[in-house]
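Here are the chains, one letter per residue:
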Amino acid sequence: MTTDAALASELATRAGQLLLELRNRELGEAPLEKAQARELGRRGDKEANTLLLGLLGERRPGDAVLSEESADDRARLDNPRVWIIDPLDGSREYGLPGRPDWAVHVALWERGAGITAAAVAQPALGEVYVSGSARPADPAGRARPRLESTTRPRPRIVVSDSRPPEFIGALAERVGADVAPMGSAGAKAMAVLRGEADAYVHAGGQWEWDSAAPVGVAQAAGLHCSRIDGTPLVYNEAHPYLPDLVICRPELARPLLDGIAALTGAPADSPRVAMAREYLSSLVTHDASKVRLAADCFRVENGQRTGDSGPEIVAELEHGDQYKPITGIRDLEFREWGPNVVARFLLDMGAGEHVITVAITEHFSVPGGEIESILAIIEPHPAAG
């Protein structure tokens, strides 16, 4: 039987080939409109996910799967083997011409052992990194060293292109480093592996599928991998939210972790609060690509049903005329108990030269890894006059 590492490599390679072919067909030299680029990323995500699920069903029928693009089946919590996959990491970059910083993630988690096999494919670079070797072949077929050396006078830290940590400027100054933005968690982790960067620091919110495969490959190559507070990265949890990480050369781990500890004090969001915050953010950005809603999720506003399914609510968040005037959310507070999250905030809407402000109390039911219902009470606010 094919080893798990070899299977991870095969799956990542095949999904990467599918994505590259789709991208080459649909993406020309001229940039797509924002909505078209987003749709291309979603199409790639969906098609690669279908391929990966089909192959895993054939090759490892008894294993469970946790995928960004599938509903979370909590039966995985009782399964000793769980594949954690991100069919397309960096979907925004995937829809932009000339951007190679997108990837396919395939990892296997085993009870009592953690991530035991992993592969990260970077199709635009023609490379697949696999745990146990972490050595992509060069064009001549020669294996590269596990961890490339670097002669840079200053460390280079790569961060999210869209969500860099708030503290990154102060951290870079503290450790004497330069900062560079990049898409895809897998692309950033492999940049450290190749010696193109010395560290990857993230604190803007992530899920298990964002980091499982990159961490599996990076650890196999001898890189330091942890949460930003230095605690281990743990996978196949009931809530697959895993908001932050540090992947770096071993000699940089202590300076980076000490610097982050000195610069941060507020606790990180819990998984449920993070999901609610992502939904609220989408009200302003009109990008719901990271919002986790159950297929049968519903939304009620002031007693009126305004959404009957997860896909319908996502479509409304991104294209609904009722959300286009929203300009900002402020004075946001959360309370959490059991599976419940309540957010209270002020919402500003532009109306010509005027701004209308309303007060909103929003209840989210989050029993698992997806929001199952949203109940909102919208009230006038004195600022609205």
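Residues numbered from 1 in each chain as written. Predicted model: local features only at pLDDT ≥ 70, side-chain atom pairs only at ≥ 80, totals over all residues. Heavy atoms only, no water.

*Asks:* Just checking my understanding: could you explain the nonpolar core for this structure?
*Replies:* Within the largest apolar cluster, 66 residues are counted, with the highest numbers of intra-cluster contacts made by Ile84, Tyr235, Ile247, Tyr279, Phe364 and Ile371. Beyond its immediate sequence surroundings of up to four residues, isoleucine 247 is in contact with Ala189, Val192, Asp198, Ala199, Tyr200, Val215, Ala218, Leu223, His224 and Cys225. Residues Ala15, Leu56, Ala117 and Ala121 belong to the second largest nonpolar core, which totals 26 residues. (Core = buried A, V, L, I, M, F, W, Y, C linked by side-chain atoms within 4.5 Å. Buried < 20%, exposed > 50% of the residue type's maximum accessible area, 1.4 Å probe, protein only. Contact = heavy atoms within 4.5 Å.)

*Asks:* I keep staring at the sheet that holds strand E10 (residues 245–248) and nothing clicks. Help me out?
*Replies:* Within a sheet, each strand pairs with its neighbour through backbone hydrogen bonds, oriented either parallel or antiparallel. Overall, mixed pairing links the five strands, which are arranged E7-E6-E8-E10-E9 in an open sheet. The strands lining the two open edges of the sheet, one partner per strand, are strand E7 (178–182) and strand E9 (224–226). With strand direction ignored, the average angle separating the axes of adjacent strands in the sheet is 20 degrees. Contacting strand E6 (156–160), E7, strand E8 (199–202) and E10, helix H5 (residues 185–194) crosses the sheet at an angle of about 150 degrees to E8. Against the sheet, helix H7 (residues 250–263) engages E6, E8, E9 and E10, with an angle of about 150 degrees to E10. (Pairing = 2+ DSSP bridges. Helix = DSSP H or I, 4+ residues; strand = E, 2+ residues; numbered from the N terminus. Axes fitted to C-alpha atoms, helices over the stretch in contact; angles between N-to-C directions.)

*Asks:* Looking at this structure, I do not really get the packing of aromatic side chains. What am I missing?
*Replies:* Any aromatic ring pair is given by two values, namely how distant the centres are and how the planes are angled relative to each other. On inspection of all chains with the given rule, the structure shows four aromatic pairs. The structure contains a cluster of three or more aromatic residues connected by ring pairs, namely Trp207, Trp209 and Tyr241. Across from the ring centre of tryptophan 207, 5.9 Å away, lies the NZ or CZ of arginine 292, which sits over that ring. (Phe/Tyr/Trp six-rings, centres within 6.5 Å; stacked < 30°, edge-to-face > 60°. Lys NZ or Arg CZ within 6 Å of the ring centre and 35° of its normal.)

*Asks:* It is not clear to me how the sheet that holds strand E1 (residues 64–67) should be interpreted in this structure. Could you clarify?
*Replies:* In spatial order, the strands read E1-E2-E3-E4-E5; together these five strands make up an open sheet with mixed pairing. Since the sheet does not close on itself, it has two edges, and those belong to E1 and strand E5 (127–130), each with one partner. In this sheet, neighbouring strand axes are inclined to one another by 15 degrees on average, regardless of whether the strands run parallel or antiparallel. Relative to strand E4 (residues 114–122), strand E3 (residues 103–110) runs antiparallel, the two sharing seven bridges. Bridge pairing in E4 links glutamate 110 to glycine 114. Sitting on the sheet, helix H1 (residues 4–26) touches strand E2 (81–89), E3, E4 and E5, and the angle it makes with E3 is about 155 degrees. Sheet strands in contact with H5 are E2, E3, E4 and E5, and its direction is about 95 degrees off that of E4.

*Asks:* When you look at the environment of alanine 177 in this model, what are you seeing that I'm missing?
*Replies:* Summarising the element assignment, alanine 177 is placed in the loop between helix H4 (168–175) and E7. Along the chain, alanine 177 and leucine 55 lie 122 residues apart, while their C-alpha atoms are 43 Å from each other. Other than its neighbours up to four places away in sequence, alanine 177 contacts Arg154, Pro155, Ile157 and Ala172.

*Asks:* It is not clear to me how helix H6 (residues 208–220) should be interpreted in this structure. Could you clarify?
*Replies:* Each α-helix turn comprises 3.6 residues. Residues three or four places apart therefore point the same way. For H6, built from 13 residues, the straight-helix expectation of 18 Å at 1.5 Å per residue is met to within 8% by its first-to-last C-alpha distance of 18 Å. In the stretch just after H6, glycine 222 is the one whose phi turns positive, near 95 degrees. (Expected span 1.5 Å × (residues − 1).)

*Asks:* Teacher, can you tell me more about the packing of H1 against helix H2 (residues 34–59) here?
*Replies:* When two helices pack together, their arrangement is given by the angle between the helix axes and by the axis-to-axis distance. It is at 10 Å that the axes of H1 and H2 come closest, and there the two elements cross at 150 degrees. By the criterion of interaxial angle, the relationship of H1 to H2 is roughly antiparallel. Seen along the crossing, H1 lies across H2 with a hand that is right-handed. Only Leu40, Arg43, Gly44, Asp45, Glu47, Ala48, Leu51, Leu52, Leu55, Leu56 and Arg59 of H2 make contact with H1, whose side of the interface consists of Leu7, Glu10, Leu11, Arg14, Ala15, Leu18, Leu19, Leu22, Arg25 and Glu26. A class-by-class count of the residues in the contact of H1 with H2 yields 12 nonpolar, one polar and eight charged. (Parallel < 35°, antiparallel > 145°, perpendicular 65-115°, else oblique. Left-handed = near helix turned anticlockwise from the far one by under 90°. Nonpolar A, V, L, I, M, F, W, Y, C, P; charged D, E, K, R; others polar.)

*Asks:* Looking at this model, I keep getting lost on the pairing of strand E12 (residues 304–307). Mind explaining?
*Replies:* Of the pairings in the sheet, the one linking strand E11 (residues 293–301) to E12 comprises three bridges and is antiparallel in character. Counted as the bridge partner of valine 300 is arginine 305 from E12.

*Asks:* Could you clarify how one ought to interpret the packing of H5 against H6 in this entry?
*Replies:* Two elements in contact, H5 and H6, have axes whose closest approach is 9 Å; the angle formed by their N-to-C orientations is 15 degrees. By the criterion of interaxial angle, the relationship of H5 to H6 is roughly parallel. The interaxial crossing formed by H5 with H6 has right-handed handedness. Side by side, H5 and H6 meet where Ala185, Gly186, Ala189, Met190 and Leu193 of the first sit next to Asp210, Pro214 and Val217 of the second. Split into classes, the residues belonging to the contact of H5 with H6 amount to six nonpolar, one polar and one charged.

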